[in-house]
Amino acid sequence: MESPLRIAIIGQSNFAAEVLELLLEKNYNIVGVFTIPNKGTREDILAATAKQHSIPVFKFASWRRKGEVLPEVLKQYKSVQANLNVLPYCSQFIPMEVIDAANLGSICYHPSILPRHRGASAISWTLIEGDEVAGFSIFWADDGLDTGPLLLQKQCIVEPTDTLDILYKRFLYPEGIKSMAQAVNMVAEGKAPKIPQAEVGASYDAAMFKEQNHYIDFKKTAEDIWNFVRGLDSVPGALAVVLHEDGSEEKIRFFGAHLYADGPVIGPKSLTLKGLKNPAYIHDRGLLLEGTDGKFVNIRRIKRGSKMINACDWFTKCKQNQISNFSKDELDKRDLLLNIWHSILKCPIEAETDFFAAGAGSMDVVRLVEECKDALDMSLDSGQVFMAPVFEEFFCEIIRSLRQESSGVQGRIHYDGFVLQANKREISVPTQLFINGEFMDAEQRKTLDIINPSNEELLCKVACASRSDVDKAVQAAHKSFYGAWRQVSARQRGHLMLKLADLMEEYKEELATIESIDSGAIYTLALKTHIGMSIDAWRYFAGWCDKIQGNTIPVSPGRPNNVLTFTKKEPIGVVGLVTPWNYPLMMLSWKMAACIAAGNTCLIKPAQTCPLTALKFAELTVKAGFPPGVINVVPGTGTEAGQAVSDHKLVRKLGFTGSTPIGKVVMRSCADSNLKKCSLELGGKSPLVIFADCDFEKAVKYGVCSVFFNKGENCIAAGRLFVEDRIYDEFIRRVLRDVRSMTIGDPLNRSTAHGPQNHRAHFEKLIEFCRRGIKEGAKLVYGGRPVPNTKGYFFQPTIFADVEDHMFIAQEESFGPIMIISKFHGSDVESVMRRANRTEYGLASGVFTRDISKALMFADNIEAGTVFVNVYNKTDVAAPFGGFKQSGFGKDLGQEALNEYLKTKCVTIEY
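The structure reproduced in this document is the subject of the present report. Predicted, not measured: the structure shown is a model, and the values here were computed from it. (Residues numbered from 1 in each chain as written. Predicted model: local features only at pLDDT ≥ 70, side-chain atom pairs only at ≥ 80, totals over all residues. Heavy atoms only, no water.)

1. Looking at the sheet that holds strand β24 (residues 563-571)
Part 1 of the argument: One open sheet accounts for three strands, arranged β23-β24-β40; its pairing is antiparallel. Looking at the sheet topology across the chains shown, the edges are occupied by β23 (552-553) and β40 (902-910).
Part 2 of the argument: Relative to β40, β24 runs antiparallel, the two being bridged by nine bridges. Directly across from L564, in β40, lies its bridge partner I909. (Pairing = 2+ DSSP bridges. Helix = DSSP H or I, 4+ residues; strand = E, 2+ residues; numbered from the N terminus.)

Here it is, written out as structure tokens:
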């Protein structure tokens with residue numbers, strides 16, 4: 001070559017800046033950069049990049065006037081003495097005096113396979129015309145429009161998932177940058193060809209900059225409509241006009257189109273679009289448009305003004321108050337946010353700019369959050385970025401949060417309820433259904449009476465869910481599972497759970513007070529166990545969120561190929577939970593924490609007698625920031641709401657705690673509906689065997705606790721005590737002494753040890769249970785009847801002795817404060833083991849002995865899911881909990897609980 005290259009870069013944008021960087025890496029001499037003027041205070045990234053490398057920068061608003069080159073512009077251009085012009089991307093018209101001034105010529109990038117799709121909107125037209133192949137050309141500029149000789153071309157297959165953005169980012173942008181550098185290399189080596197363009201197949205397409213060209217022609221086939229929409233996705237977006245019922249018209253833009261072939265298309269809600277023959281149907285995955293061929297296109301996202309929404313949310317978003325009346329200060333904040341986004345993304349920021357589509361990663365999210373917090377002095381977390389990734393949405397969410405903070409309503413949610421005045425507190429308690437992040441009345445405003453078990457008075461009325469209400473909750477959970485919840489990473493899920501646990505800790509006295517009054521639990525126990533263990537469960541399972549993983553499996557490949565086989569643990573989907581009345585919040589937390597940690601969404605039907613802590617908990621999930629639909633609470637009856645949860649075909653897993661007879665009904669419903677996975681924690685008749693060689697004081701203490709803990713409403717309560725004959729009489733004497741000293745009364749009184757039973761039906765069942773024990777000949781040592789002269793469901797702690805194996809009370813669960821004691825002889829250990837196992841239940845068990853061999857033999861032979869040795873009721877959130885036989889199957893708590901809410905997928909790849 002006669003002289004080394006002196007290159008002038010003419011253009012703008014990230015594309016041109018990256019071409020500049022690559023040429024500098026290859027040690028080419030860039031003598032000048034010619035670009036557009038600043039937009040306000042922002043200069044194009046090409047100019048900023050050139051300045052970093054001390055390259056002269058020239059900014060021209062125009063290169064010519066009235067068809068003639070501007071002399072001062074030409075003079076400045078010639079001052080750099082370039083011998084090769086490189087035009088990576090240029091929106092300006094460059095005069096031929098400049099093109100020809102470089103003696104080696106001028107090379108330009110064009111995003112189509114020339115001569116097809118000449119013009120400024122080549123990528124759009126590649127998609128609009130349904131081309132099977134896309135690509136780009138680098139050509140020598142001449143006095144025509146994209147008509148110069150070709151230097152090189154590259155192409156790729158157009159994928160069905162391609163949009164304008166995707167095609168550009170996956171091929172035209174990265175390969176174009178490399179190819180521009182390749183073209184310069186060819187010029188430098190004297191090997192750059194000049195191949196005349198053919199006129200056969202040449203086309204010049206209209207520029208898509210004008211709004212009039214953005215409108216969809218609905219007199220086309222579904223495929224043509226689809227191609228048009230994706231050809232304008234994501235800038236500027238295909239235009240349509242909604243004809244409202246009041247006669248008004250509204251322009252909207254479509255994004256995320258795909259051809260639809262997924263079942264029935266007629267839905268209950270539709271839009272009328274100008275020029276579209278049939279209604280456009282809104283369904284749970286978008287908006288359906290019918291082409292002239294009777295086939296359909298589905299639109300996932302719609303832009304209304306500057307607001308991007310999911311198409312399926314059209315009617316719900318219409319009901320929401322949109323922010324439009326911004327103050328001057330808020331508009332100043334918008335400019336501030338624009339600058340922050342620009343500094344991170346290094347690209348022009350428009351209202352529709354998507355933070356992640358523009359290339360942002362996890363560190364960019366952290367930077368955005370921290371810069372916004374510093375600049376705006378507000379609370380902000382990464383979840384808000386993921387939930388509103390489009391700039392205008394993000395700006396509106398920021399303003400909404402700032403307005404809420406300034407007005408003191410941050411995290412508040414509106415609901416109908418009542419104020420509980422108790423325990424020196426005034427506690428606001430919701431009484432409506434909680435569905436899709438909102439409290440709402442039940443169908444036909446149907447309600448349940450909630451009775452205070454301490455005084456038998458009406459505490460409040462709570463919404464009673466119908467089958468239709470349950471369906472709403474399931475649909476909300478289903479939509480969230482496949483929508484917003486999927487955008488939340490495992491680690492973010494854990495952060496949300498920890499935040500919820502912190503809120504439960506903050507409100508634990510309120511929750512314990514509600515639980516105490518609603519269920520009859522004594523306040524001290526409610527605070528420590530009902531609420532305390534609930535908080536522990538959420539924190540424990542929060543730690544598991546980002547540790548759920550599969551395995552790689554060595555398999556035998558078919559030679560000569562290799563095979564990689566691995567498993568993935570995936571959430572099941574929508575989970576239905578039905579929980580009992582003995583530990584309302586704790587049972588909710590044991591199941592739901594594992595369910596949410598695994599990535600599912602859920603709805604819960606709490607016990608109809610005491611749903612209040614579940615509803616207060618729902619309020620806290622909003623404060624914690626859970627997306628709508630992830631958690632739904634539907635109080636109601638078991639026969640209607642509970643059955644509807646079991647029967648629903650979109651519920652893929654059901655977790656149930658309750659009685660064995662109802663558990664059988666639930667399991668049958670799970671099978672008959674859609675063969676949904678289920679886990680059942682059912683009744684128990686847990687044996688506690690006390691040998692004479694035990695620590696007697698400890699055995700008495702835990703023996704009393706094993707039966708009377710939580711006034712006997714305890715699934716693992718010792719339903720039958722087997723006491724060795726040598727200590728039998730003394731054990732009864734000591735237990736009787738402790739029971740007589742129990743304080744029975746107001747559950748909120750800190751000295752109370754025994755509160756009321758949960759509800760009347762259960763209370764009356766206990767009376768009948770004791771009558772039957774007496775009738776069959778068991779010795780009633782103490783109690784056996786309601787506390788006399790006391791209002792409320794207070795039942796005396798009861799002791800039956802000399803209970804024989806054939807008796808009803810020896811076989812069936814009381815689920816109340818009733819101790820059943822039988823005698824055994826210490827010489828026949830195997831016999832007492834057989835007696836302990838002679839039941840259809842197998843939830844828990846216990847043994848007290850100093851003989852480790854005896855204890856281990858008991859643990860080996862007892863048919864129960866939990867075995868306590870020299871202790872009882874010692875559960876922990878890290879230890880699995882669940883029963884055998886007719887006590888059910890599946891586990892709550894511990895790592896094993898996660899498996900109840902996960903499915904395993906096996907992937908095999910041959911290579």
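What follows continues from the structure just given.
2. Quick notes on the pairing of strand β2 (residues 30-35)
Part 1 of the argument: Most of β2 is tucked away, with six of its six residues classed as buried.
Part 2 of the argument: Looking at chain direction, strand β1 (residues 7-10) and β2 are connected through four bridges and run parallel. In the sheet register, I9 faces β2, and the bridge partner there is V33.
Part 3 of the argument: Traced from β1 through helix α1 (residues 13-25) to β2, the parallel crossover comes out right-handed.
Part 4 of the argument: Of the pairings in the sheet, the one linking β2 to strand β3 (residues 57-59) comprises three bridges and is parallel in character. Within β3, the residue paired with T35 across the bridge is K59. (Buried < 20%, exposed > 50% of the residue type's maximum accessible area, 1.4 Å probe, protein only. Right-handed = clockwise from strand over helix to strand, strands pointing away.)

3. Focus on the pattern of salt bridges
Part 1 of the argument: This structure, assessed with the given rule, holds 49 salt bridges.
Part 2 of the argument: Between D647 and R467 there is a salt bridge, and its shortest N-O distance comes to 2.9 Å. With D647 in helix α19 (residues 638-647) and R467 in helix α13 (residues 467-481), this pair connects stretches of sequence that are 180 residues apart.
Part 3 of the argument: On the accessibility criterion, D647 (24% relative accessible area) is partly exposed.
Part 4 of the argument: Owing to a relative accessible area of 41%, R467 belongs among the partly exposed residues under this scheme. (Salt bridge = Lys/Arg side-chain N within 4 Å of Asp/Glu carboxyl O.)

4. Points about the packing of aromatic side chains
Part 1 of the argument: Summed over all chains, the structure comprises 30 aromatic pairs.
Part 2 of the argument: Where F136 meets F171, the ring centres are 5.7 Å apart and the plane angle is 35°; that geometry is what we call tilted. Here F171 lies in helix α6 (residues 164-188) and F136 lies in strand β8 (residues 133-140), a separation of 35 residues in the sequence. Like F171, F136 is buried.
Part 3 of the argument: Aromatic pair F763 and F795: ring centres 6.3 Å apart, planes at 90°, arrangement edge-to-face. Of this pair, F763 sits in helix α23 (residues 760-775) while F795 is found in the loop between β32 (779-782) and β33 (798-801), placing the two residues 32 residues apart along the sequence. No difference in accessibility class separates F763 from F795, as the two residues are buried.
Part 4 of the argument: A network of ring pairs unites the aromatic residues F15, Y109, F136, Y168, F171 and Y173 as a single cluster.
Part 5 of the argument: A cation over a ring is seen here: R64 above F93, with NZ or CZ 3.7 Å from the ring centre. (Phe/Tyr/Trp six-rings, centres within 6.5 Å; stacked < 30°, edge-to-face > 60°. Lys NZ or Arg CZ within 6 Å of the ring centre and 35° of its normal.)

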